[in-house]
Amino acid sequence: MAGATGYIGSAVAERLAEQGHEVVALVRPKAGETRAVPGAAEVRYGDLADPASLAGAAADVDVVVHATAPSGDEAVELAAIDALLAGGAKLVYTSGIWLLGAGTSDEDSAPDPIPLVRFRVAVERRVLGAGGVVVRPGIVYGRGGGIPALLVAKAAEHGRGRYVSAAGQEPAWPTVHVDDLADLYVAVVERGEPGAVFHAVGEEAVPLGAVAEAAAEAAGVTGGGVEAWPVGEASRDLGAAFAEALALRQTVSAARTRKELGWTPSRPGLVADLAGGSY
Ligand SMILES: NC(=O)c1ccc[n+]([C@@H]2O[C@H](COP(=O)([O-])OP(=O)(O)OC[C@H]3O[C@@H](n4cnc5c(N)ncnc54)[C@H](OP(=O)(O)O)[C@@H]3O)[C@@H](O)[C@H]2O)c1
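In this text the structure is predicted, and so the values were computed from the model without any measurement. (Residues numbered from 1 in each chain as written. Predicted model: local features only at pLDDT ≥ 70, side-chain atom pairs only at ≥ 80, totals over all residues. Heavy atoms only, no water.)

Description of the nonpolar core
Here comes step 1: Within the largest apolar cluster, 66 residues are counted, with the highest numbers of intra-cluster contacts made by Met1, Trp98, Val164, Trp173, Tyr185 and Val188.
Here comes step 2: Sequence-distant contacts of valine 188, defined by excluding residues within four places in its chain, comprise Lys90, Val92, Val133, Val135, Phe198 and Leu261.
Here comes step 3: The next biggest cluster of nonpolar side chains, apart from the first, holds 22 residues, and it includes Val64, Ile81, Leu84 and Val127. (Core = buried A, V, L, I, M, F, W, Y, C linked by side-chain atoms within 4.5 Å. Buried < 20%, exposed > 50% of the residue type's maximum accessible area, 1.4 Å probe, protein only. Contact = heavy atoms within 4.5 Å.)

Below you can see the structure in the form of structure tokens.
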């Protein structure tokens, strides 16, 4: 499991261990530090930006789950994928729904990536071509983490809820609770068919006005309402590529994923989770 110390990876490693899988965590070395990973039976060291450090990292495992923060550089990402594939294990690669661009999509839609994740088109192709599996999570929330935590922080900073908006449009996010996502990875590890693309989406399109309002409540700022944050202005704070991603209006179906894997997301939705005190 690469990325086992991250937001997604730690939930996945824990759930795999709970379900009786032996988890080997692949983590970056930190000088003078032994890194413990909850749920992992073994910790190996390697850096995905340094393929030579990955020699043997994926040896003697049946499945490699890849859920690391990306470099954004296609060549670096492909070299890491090749190094992980060299051990002969099934590779489960964590991509994302931003690869699909704005509008309505399902598992069969052609990629139409925003610039931030353009590198992932080639990476997905390499993984699928090698008999691996691709998981595209929506915006992940729950346990007080992920991108929604940023909305809570921005609401606290500005005294009212705000969402990034392009051309005055209200964005909509496909979302998934981190614990439903962990369940999906277990299903993919156990029975995901080689060459398959799965969408980890619990709610297909959550309007951001309601999310920003709930984020303001979670931040303890009420009565200020919600404001659209123009993407140009947000870019100066968040970077243009990330601001563009947050302004996307998407509807993403996971109907085929649910059917093929028997996956039924059951945790509260994003707005309910924010209102319920998780943040
Ligand atoms: N969060 C979301 O809403 C979301 C949605 C869709 C897709 N995704 C994708 O899911 C993946 C994981 O996201 P996340 O939110 O869980 O990220 P995260 O919390 O930032 O975790 C990133 C993980 O990657 C590891 N890592 C970073 N660079 C590495 C390298 N060069 N070599 C080895 N490990 C490295 C980190 O390890 P250290 O402990 O060493 O830093 C950490 O375990 C990303 O590819 C992201 O694009 C996320």
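Let us keep going from here.
Here's the deal with the packing of aromatic side chains
Here comes step 1: This structure, assessed with the given rule, holds 1 aromatic pair.
Here comes step 2: An angle of 65 degrees between the planes, with centres 6.2 Å apart, marks the rings of tryptophan 98 and phenylalanine 242 as edge-to-face. Of this pair, tryptophan 98 sits in the loop between strand E4 (90–94) and strand E5 (103–105) while phenylalanine 242 sits in helix H8 (residues 240–246); the two residues are 144 residues apart in sequence, bridging distant segments of the chain.
Here comes step 3: Owing to a relative accessible area of 14%, tryptophan 98 belongs among the buried residues under this scheme.
Here comes step 4: Of the residues examined, phenylalanine 242 reaches a relative accessible area of 23% and is grouped as partly exposed.
Here comes step 5: Note that arginine 162 overlies the ring of tryptophan 229, its terminal NZ or CZ placed 4.2 Å from the centroid. (Phe/Tyr/Trp six-rings, centres within 6.5 Å; stacked < 30°, edge-to-face > 60°. Helix = DSSP H or I, 4+ residues; strand = E, 2+ residues; numbered from the N terminus. Lys NZ or Arg CZ within 6 Å of the ring centre and 35° of its normal.)

Observations regarding the environment of glycine 168
Here comes step 1: Note that glycine 168 resides in the loop between strand E8 (161–165) and strand E9 (172–177).
Here comes step 2: On the basis of relative accessible area, glycine 168 is assigned to the exposed category, the value being 73%.
Here comes step 3: For the pair formed by glycine 168 and proline 230, sequence separation is 62 residues and the distance between their alpha carbons is 7.4 Å.

Thoughts on the sheet that holds E9
Here comes step 1: Taking strand neighbours across the sheet as the criterion, the 3 strands line up as E7-E9-E11 in an open arrangement whose pairing is mixed. Looking along the sheet, the strands with just one partner apiece sit at the ends: strand E7 (139–141) and strand E11 (203–207). For this sheet, the mean angle separating the axes of adjacent strands, direction not counted, is 50 degrees.
Here comes step 2: Relative to E9, E7 runs parallel, the two sharing 3 bridges. Looking at the pairing, valine 140 lines up with valine 176 of E9. (Pairing = 2+ DSSP bridges. Axes fitted to C-alpha atoms, helices over the stretch in contact; angles between N-to-C directions.)

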